[in-house]
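Summary of the model geometry
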Amino acid sequence: MSALLEAGAPEGSVFLLMKEDQAVQAEALEACSLKGARKKACECGPDATIIMVGKGAKGMLPMLSQLRDPFPESLPSSPEGTGTRTPQSLSSKSGTVPTTLVSSPLLMACSSPASAQNGAMPNEAIKDHSLQRGNWGNQIEFVLTSVGYAVGLGNVWRFPYLCYRNGGGAFLIPYFIMVTFCGIPVFFMELSFGQFASQGCLGVWRISPMFKGVGYGMIVVSTYIGIYYNMVVSIAFYYFFSSLTSVLPWTYCDNPWNTPDCVSVLDNPNITKSVQPPALLGNVSQALNLTLQRTSPSEEYWKFYVLKMSDDIGNFGEVQVHLLSCLFVSWVVVFLCLMQGIRTSGKVVYFTATFPYVVLTILFFRGVTLEGASTGIKYYLTPQWDKILEAKVWGDAASQIFYSLGCAWGGLITMASYNKFHNNCYRDSVVISITNCATSIYAGFVIFSILGFMANHLGEDVSSVAEHGPGLAFVAYPEALTLLPIAPLWSLLFFFMLILMGLGTQFCLLETLVTALVDEVGNEWILQRKSYVTLGIAVAGFLLGIPLTSQAGIYWLLLMDNYAASFSLVIISCIMCVCIMYIYGHQNYFQDVQMMLGFPPPLFFQICWRVISPAIIFLILIFLLIQYETITYNEYQYPSWAEAIGFLMALSSVICIPFYALFYFRITDGDTFLQRLKNSTKPSGDWGPALLEHRTGRYAPTIPPSPEDGLEFQPLDPDKAQIPMVGSNDPIRLQDSQM
């Protein structure tokens, strides 16, 4: 086979290799990769490789997949007995296409019904595997990657703060309701969406091409988040490197950047008179309350040394070289972990997704042993019913679900697209969502045990303990660590945990952009150069993140955090639900899920997808618009022009939807407005499972004419040339082969 292709096979030759052993399989793959052959297309299945050479090669793939089953063992062999069965003829514009079948034991397993490896469908006869895009090495890699994507920095410092601000345990009630009726259903929808089509957040919109702007909106959101999220990771890197010392630099107030207002728990006689954890946490609470005169060494280290903050968002000042260096390191680490795509990131997540739980557990046991911790935990678990009646509590709960699970970012669709077709994504969606919520609650115990300790020291109620600022992880925790034995070691562990949690999310954000671009181009050239695509996007992300390393960088970071992924996520998610359920059709999608999993979506999810989840998402949008407040950082009020930029960032992702819809509607054929609208919203011809083995039922391959391939197809005529087919016990039947 290799020698034949190297020499130049006849125009239009088609070879069907049966892979009975590893040697034959290796030979087939080698033949596929030959560069000396003319126009060539290869389809490597689990038991056979179709190799087509010459004009019309690409268009022959779906036709040959249909002809796999019709060649039984009873077909006449060649007179020479070489194992090559009688060639068949297929008509094309270029003439007769000779079909050479090189085989051994016949009747391929690829003609058997596909089934799931995860219990969805029994009697699997094929490897549910995509050689072109690749798949996760095993299901644990996908689950850990998704957990690392969903469990990020917000689970540690955002959820506990929202829970504290909204009445402690009262917040858990609307939170669980939103998770049940909105979070998990939307999470399941996105996973099933990406897994069924095996495409990224752009390719999946073959389901309704007019709405492809939703995918572009996801790309814009992921780009914004990826830029500023990696900046937070780079700051954690800097604190990690700063902890490689015998004394943490934010321990005392004798540094050049400190002010006369600086008071340390270790060098103030009134505080060190009883060096106990209450004194420590009392000062941590003071560090959090920026209205007090006393400032902590960690706060001044954060503001005056790490950030060197300017007085206004428009005053960029100088680029901080130490932050720029850490930003470079952060992007290098992300690139190295994604250099080979999911093949490398799938291995890295075994560590990055699990180690943060080790550190959280250490902090948990440390926190619950502090005096007054039980008071904070009791406040955390006891609902305050007056709070639960406030609309803001419900709005914060719903918003946190979107922020935490990563819905509408495009990452869930992208990660699921690398699943095997019959993977039980229903089970995965429930497990990952529950794990994410459990992590938030677990982190809440860690935080509230410390808040209770603060309240005990101050002699106040937990509800009156000072609020935190955006630099909680870089102000309060660092100072708390200074009083622990071997403080640098604890600091290293804590910031290493933050780095890993940030990287877990960053991996998926970058992979979302890379996959979308590679799938959109979709040719062999870019597939072979995916690493260069990853490098290019990483370099662009680094360059776009440089302004965040300036003295005004923290202002821009918070501006992006507040606007880039706010109401735009809600709009994108709502349109996605409406498109799938009402444009494509809920019955069609339910059938797709059943075809993939072996069972339809449970009735609860069907109701949520059609009614409850879109309604909740719409109410979230209304809430966000009504409860909008101007952005502030500590006592700094953002100017109106900065808020205008924030709104433009938010609209830049949403505006993709109507712009692309108008563009696609304009280029769509149709005599009337309604006909063009119908044609622009109906699924494209290549919508459906990516692998031919899975395109059964209404997705069974049809061979539309393709001028590029040089093939023309005609209706079947039973009176013309025939290919024998075998029924179970019936006589040989005849099938038309004229095309």
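Since this is a predicted model, take the numbers as computed values, not measurements.

Quick look at the overall build of the protein
- Looking only at helices and strands, one finds 29 helices and 9 strands in the protein.
- Look at the contacts in the protein between residues 6 or more apart in sequence, and 77% of them connect residues 24 or more apart.

Focus on helix α12 (residues 321-338)
- Given a rise of 1.5 Å per residue, 18 residues ought to cover 26 Å, and the 26 Å separating the end C-alpha atoms of α12 matches this to within 8%.
- The complete set of buried residues in α12 reads L323, C326, L327, S330, W331, V334, F335, C337 and L338.

Things to note about unusual backbone geometry
- Of note, K308 is a non-glycine position whose phi angle comes to about 50°, a positive value.
- Topologically, K308 is positioned in the loop between α11 (297-306) and α12.
- Despite not being glycine, A408 shows a phi value in the positive range, around 70°.
- Checked against the element boundaries, A408 lands in the loop between α17 (391-405) and α18 (411-417).

A look at the pattern of salt bridges
- This model, assessed by the stated rule, comprises 6 salt bridges.
- Between R206 and D686 there is a salt bridge, and its shortest N-O distance comes to 3.5 Å. A residue pair is termed long-range when its members are at least 10 positions apart, and R206 in the loop between α7 (172-197) and α8 (212-242) and D686 in the loop between α29 (673-681) and β8 (722-725) qualify at 480 residues.
- By relative accessible area, which is 41% here, D686 ends up partly exposed.
- With a closest N to O distance of 2.4 Å, E520 and K212 form a salt bridge. Taken as a pair, E520 in helix α21 (residues 487-521) and K212 in helix α8 lie far apart in primary sequence, 308 residues in all.
- For K212, a relative accessible area of 13% translates into the label buried.

Regarding a nonpolar patch on the surface
- Residues V578, Y582, L603, I607 and V611 make up a contiguous nonpolar surface patch of about 470 Å² in total accessible area.
- Those elements that place two or more of their residues in the nonpolar patch are α25 (567-597) and α26 (603-626).
- Looking at which element gives the most residues to the nonpolar patch, the answer is α26, with 3 residues.
- A residue is classified by how much of its surface remains accessible, and Y582, at 44% relative accessible area, is partly exposed.

Topic: the confidence of the model for the protein
- When the pLDDT values of the protein are averaged, the result is 76; 71% of them are 70 or greater.
- Note that residues 1-22 has pLDDT below 50 and, in this model, 84 contacts with residues that lie over four places away or in other chains.
- The low-confidence segment residues 32-41, where pLDDT is below 50, has 33 contacts with residues more than four positions distant or belonging to other chains.

Concerning the nonpolar core
- Ranked by size, the top nonpolar core spans 179 residues in total, and within it F193, W205, Y239, W302, F474, F494 and Y638 carry the most contacts.
- Considering each element in turn, this core owes the most residues, 18 residues, to α25.
- The residues contacting W205, other than those within four sequence positions of it, are F193, F211, K212, V214, G215, M576 and C579.

Thoughts on the environment of M497
- Mapped onto the elements, M497 comes out in helix α21.
- For the pair M497 and F355, spaced 142 residues apart in the sequence, the C-alpha separation amounts to 7.0 Å.

Observations concerning the environment of I207
- One can find I207 in the loop between α7 and α8.
- A relative accessible area of 0% means that I207 is categorised as buried.
- For the pair formed by I207 and Y589, sequence separation is 382 residues and the distance between their alpha carbons is 9.8 Å.
- Once you skip the residues sitting within four places of it in the chain, I207 turns out to touch F193, I580, Y584, T681, K682, P683 and W687.

Considering the packing of aromatic side chains
- All chains considered together, the criterion is met by 59 aromatic pairs.
- Across from the ring centre of F665, 4.9 Å away, lies the NZ or CZ of R676, which sits over that ring.

Considerations on the packing of α12 against helix α23 (residues 530-545)
- One can describe the packing of α12 onto α23 by two numbers: an axis separation of 10 Å at closest approach and a directional angle of 160°. Classified by the interaxial angle, the pair formed by α12 and α23 is roughly antiparallel. By crossing handedness, the relation of α12 to α23 is classed as right-handed. On α23, the residues that touch L324, L327, F328, W331, F335 and L338 of α12 are S531, T534, L535, A538, G541, F542 and G545.
- When the residues that make up the contact of α12 with α23 are grouped by side-chain class, the tally is 9 nonpolar, 4 polar and no charged.

Some thoughts on the state of the cysteines
- What the rule picks out here adds up to 1 disulfide.
- Covalently, C253 is tied to C262 through a disulfide, its sulfur atoms 2.0 Å apart. On the sign convention where negative is left-handed, the bridge of C253 and C262, at about -70° about the S-S bond, is left-handed.
- Note on C253: relative accessible area 18%, which makes it buried.
- Distance from the sulfur of C608, which forms no disulfide, to the nearest cysteine sulfur (C182) is 8.6 Å.

Observations concerning the packing of α12 against helix α13 (residues 342-352)
- Between α12 and α13, the shortest axis-to-axis distance is 6 Å and the interhelical angle comes to 110°. Taken together, the axes of α12 and α13 are roughly perpendicular relative to one another. Of the residues in α13, those in contact with L336, C337 and L338 of α12 are T344, S345 and V348.
- Looking at the contact of α12 with α13 residue by residue, the classes come out as 4 nonpolar, 2 polar and no charged.

So, the side chain of T251
- Within the fold, T251 resides in the loop between α8 and α9 (269-272).
- Here T251 falls in the buried class, since its relative accessible area comes to 6%.
- Side-chain polar atoms of T251 contact the backbone oxygen of L248, separated by 2.7 Å.

Topic: helix α27 (residues 640-654)
- Its 15 residues give α27 an end-to-end C-alpha distance of 21 Å, which sits within 8% of 21 Å, the value for a rise of 1.5 Å per residue.
- Of all the residues in α27, the buried ones are A642, E643, G646, M649, A650, S653 and V654. Within α27, the buried residues cover an arc of 145° as seen down the axis, which keeps them to one side. Opposite its buried face, α27 presents the exposed residues S640 and L648, each directed more than 90 degrees away.
- Against α8, α24 (553-563), α25 and α28 (656-667) lie the buried residues of α27.

Conventions we followed
Residues numbered from 1 in each chain as written. Predicted model: local features only at pLDDT ≥ 70, side-chain atom pairs only at ≥ 80, totals over all residues. Heavy atoms only, no water. Helix = DSSP H or I, 4+ residues; strand = E, 2+ residues; numbered from the N terminus. Contact = heavy atoms within 4.5 Å. Expected span 1.5 Å × (residues − 1). Buried < 20%, exposed > 50% of the residue type's maximum accessible area, 1.4 Å probe, protein only. Salt bridge = Lys/Arg side-chain N within 4 Å of Asp/Glu carboxyl O. Patch = residues over 30% accessible without salt bridge, like charges linked within 9 Å, V, L, I, M, F, W, Y side chains within 5 Å. Areas by Shrake-Rupley, 256 points an atom, 1.4 Å probe, with all protein chains shown as cover. pLDDT = per-residue confidence, 0-100. Core = buried A, V, L, I, M, F, W, Y, C linked by side-chain atoms within 4.5 Å. Phe/Tyr/Trp six-rings, centres within 6.5 Å; stacked < 30°, edge-to-face > 60°. Lys NZ or Arg CZ within 6 Å of the ring centre and 35° of its normal. Axes fitted to C-alpha atoms, helices over the stretch in contact; angles between N-to-C directions. Parallel < 35°, antiparallel > 145°, perpendicular 65-115°, else oblique. Left-handed = near helix turned anticlockwise from the far one by under 90°. Nonpolar A, V, L, I, M, F, W, Y, C, P; charged D, E, K, R; others polar. Disulfide = S-S within 2.5 Å. Polar contact = N/O pair within 3.5 Å; in protein donor to acceptor, adjacent residues only side chain to side chain. Arc of directions from axis to C-beta.

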